[in-house]
Amino acid sequence: RARLAASTSTPQTKLAIRLLALTVVRTKELRHAQWTEIDFDKALWTIPAERMKSAKKRPADHLVPLSRQAIVALHELHRITGNAVSGYMFPTQHISGRTRKTVVVNPKRARKSAFLSSTTINSALERMGYGSGEFSAHGFRGSFSTAAHDAEWPHLHIEMQLAHAVSGISASYNHASYLEPRRRLLQWWADTFDGTDPARNVLPFPKAAPLRATGGG
């Protein structure tokens with residue numbers, strides 16, 4: 001049985017790992033995500049400019065087209081945290097030290113400032129057997145970049161999906177351009193994941209590869 005399926009992490013954490021892989025956003029962008037940013041009808045996630053790493057240099061929202069697999073994962077997550085008072089997609093959760101059972105905090109009682117901690121995902125990966133230096137949450141971005149370049153997807157589309165600065169193209173242009181090609185790119189990426197394992201919601205975890213990009217992590 002695949003390590004993610006066998007993991008003792010909460011369903012919320014497992015879905016966080018899957019969505020990190022499918023959307024290739026930065027970990028912080030996922031942890032701070034709110035349900036108001038998701039448009040299920042348009043299959044689109046709009047991350048506000050102020051939450052982006054490049055907010056000061058390029059003040060523009062980041063558009064993340066959602067693959068069919070990402071939509072399924074988001075619907076599963078919505079059943080768990082969709083009614084959270086905080087509005088966060090990943091409100092805080094706790095692990096019982098006495099029983100070692102992972103328990104999702106009642107979403108209706110989630111504090112407004114509480115969301116998934118920065119160590120939760122990497123800790124879950126470590127418990128699955130991926131030790132320090134072997135693979136981390138950030139590694140999905142490097143794996144995506146390497147695989148997409150090897151498959152000869154346009155470099156520009158890859159960089160824009162990773163929200164890297166592209167020389168000669170303004171942030172406002174990035175915001176509105178190449179959305180459909182990037183949608184096809186992320187659907188290919190999701191299909192590549194699901195094609196490597198017969199279990200639908202199981203992700204392969206290749207060792208992280210360095211990004212080819214120069215625009216940041």
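Caption draft 1: Expanded view of the packing of helix α2 (residues 11–23) against helix α9 (residues 179–195). As a packed pair, α2 and α9 sit with axes 8 Å apart at the nearest point and diverge in direction by 130°. Judged by the inter-axis angle, α2 sits oblique to α9. On the side of α2, the interface is formed by R18, A21 and L22, while α9 contributes L186, W189, A190, F193 and D194. Here the residues of the contact of α2 with α9 are counted per class, giving 6 nonpolar, no polar and 2 charged.

Caption draft 2: The arrangement of unusual backbone geometry in detail. A positive phi angle, close to 50°, is found at V24, a residue other than glycine. Classification of V24 by relative accessible area gives buried; the value is 0%. Its identity is not glycine, yet E152 carries a phi of approximately 65°, on the positive side. Its place among the elements puts E152 in the loop between α6 (139–150) and α7 (155–161).

Caption draft 3: Highlighting the nonpolar core. Ranked by size, the top nonpolar core spans 42 residues in total, and within it L30, W45 and F144 carry the most contacts. For this core, the element with the highest residue contribution is α2, accounting for 7 residues. Setting aside residues up to four positions removed in sequence, W45 forms contacts with T23, V25, E29, L30, A33, E37, I38, R51, H62, L63, V64 and L66.

Caption draft 4: Spatial organisation of the packing of aromatic side chains. Counted according to the given criterion, the structure contains 5 aromatic pairs. Ring geometry for W153 against W188: centres 5.6 Å apart, planes inclined by 45°, an arrangement best described as tilted. In this pair, W153 is assigned in the loop between α6 and α7 and W188 in helix α9, connecting sequence segments 35 residues apart. Judged by relative accessible area, W188 falls into the partly exposed class, the value being 23%. An aromatic cluster is built from F144, W153, W188, W189 and F193, whose rings are joined through pairwise contacts.

Caption draft 5: Structural view of the environment of Q187. Checked against the element boundaries, Q187 lands in helix α9. We classify Q187 as buried; its relative accessible area is 13%. Taking C-alpha positions, Q187 is 8.6 Å from L22, a pair spaced 165 residues apart along the chain. Excluding residues that lie within four positions of it along the chain, Q187 makes contacts with S67, R68 and Q69. A distance of 2.9 Å separates the side chain of Q187 from the backbone nitrogen of R68, its partner in a polar contact.

About the thresholds
- Residues numbered from 1 in each chain as written.
- Predicted model: local features only at pLDDT ≥ 70, side-chain atom pairs only at ≥ 80, totals over all residues.
- Heavy atoms only, no water.
- Axes fitted to C-alpha atoms, helices over the stretch in contact; angles between N-to-C directions.
- Helix = DSSP H or I, 4+ residues; strand = E, 2+ residues; numbered from the N terminus.
- Parallel < 35°, antiparallel > 145°, perpendicular 65-115°, else oblique.
- Contact = heavy atoms within 4.5 Å.
- Nonpolar A, V, L, I, M, F, W, Y, C, P; charged D, E, K, R; others polar.
- Buried < 20%, exposed > 50% of the residue type's maximum accessible area, 1.4 Å probe, protein only.
- Core = buried A, V, L, I, M, F, W, Y, C linked by side-chain atoms within 4.5 Å.
- Phe/Tyr/Trp six-rings, centres within 6.5 Å; stacked < 30°, edge-to-face > 60°.
- Polar contact = N/O pair within 3.5 Å; in protein donor to acceptor, adjacent residues only side chain to side chain.

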